[in-house]
Amino acid sequence: MTSRIKRFAAASITTAVATLGVTVANPSPAAAAMTICYNTSQAPSYASIANQAASIWNNATSNLTLTANCGSNLRIYQITGGGSYAVRTSLGNGRVYIDTQQAQQYSPLRIMTHEIGHILGLPDNYNGNCAILMSGGSAGTSCTNPYPSSTEANRVTNLFAGTRSSAAERAADAGTMIFQDSWPAAPATVG
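Just so it is clear, the structure is predicted and the values come from calculations on it, not from any experiment. (Residues numbered from 1 in each chain as written. Predicted model: local features only at pLDDT ≥ 70, side-chain atom pairs only at ≥ 80, totals over all residues. Heavy atoms only, no water.)

Novice: Which residues make up the environment of Arg75, and what are the values?
Specialist: Within the secondary structure, Arg75 is located in strand β3 (residues 74-79). Looking at Arg75, the relative accessible area reads 29%, which means it is partly exposed. Placed 36 residues apart in sequence, Arg75 and Asn39 show a C-alpha to C-alpha distance of 4.9 Å. Here Arg75 is in contact with Asn39, Ser41, Gly94, Arg95 and Val96, once residues within four sequence places are set aside. (Helix = DSSP H or I, 4+ residues; strand = E, 2+ residues; numbered from the N terminus. Buried < 20%, exposed > 50% of the residue type's maximum accessible area, 1.4 Å probe, protein only. Contact = heavy atoms within 4.5 Å.)

The following block contains the structure:
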């Protein structure tokens, strides 16, 4: 087919579609979802909580899937004493440590979802606001909200889409980061 005939055919189709009132979208390919495999073999009593936290993150983000026991991008450990914390070795990879003593004081699901948030690229935000997942224990022992805010969820979605906003963020994802002290022994008092 010559280019003249192709242009005529394209113009004819466009005119016919416009006449019928049909809108033709040029769909962009969907971003491929990244799978993060988490392993709970070292924290068997927290396996169901890890599954709930994974479900929360899977529902809050559009290009990320956390899947149980298919590998070890993320290893979850149960410890006693020393505080819950996360060690991110790179974006989507690392270790989460859940302190059984803190899990008796704070919501275990909030702790788990918060610590996984670090592995997914989120920093702490100790502002005491229970609606902000990454506020950690600064929101007090009565806060049981395990859900990331829309801002937090969007940030994770953007990180896994490769749309980091600065060179500093990209560099931070490349190295090991340890996130400790999210869960104080007692809630801060306001006076």
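So, next bit.
Novice: Could you give an account of the side chain of Thr100, naming the residues involved and the relevant values?
Specialist: Here Thr100 lies in the loop between β5 (93-99) and α3 (102-105). A polar atom in the side chain of Thr100 sits 3.1 Å from the side chain of Thr80. Thr100 has contacts with Tyr46, Gln78, Ile79 and Thr80, leaving out every residue within four places of it along the chain. (Polar contact = N/O pair within 3.5 Å; in protein donor to acceptor, adjacent residues only side chain to side chain.)

Novice: Could you give an account of the state of the cysteines, naming the residues involved and the relevant values?
Specialist: Per the counting criterion, the structure on display carries two disulfides. Between the sulfur atoms of Cys37 and its disulfide mate Cys70 the distance is 2.0 Å. Taking the torsion about the S-S bond as the criterion, the Cys37 to Cys70 disulfide, at about -105°, is left-handed. With Cys37 in strand β1 (residues 34-42) and Cys70 in the loop between β2 (64-68) and β3, this pair connects stretches of sequence that are 33 residues apart. (Disulfide = S-S within 2.5 Å.)

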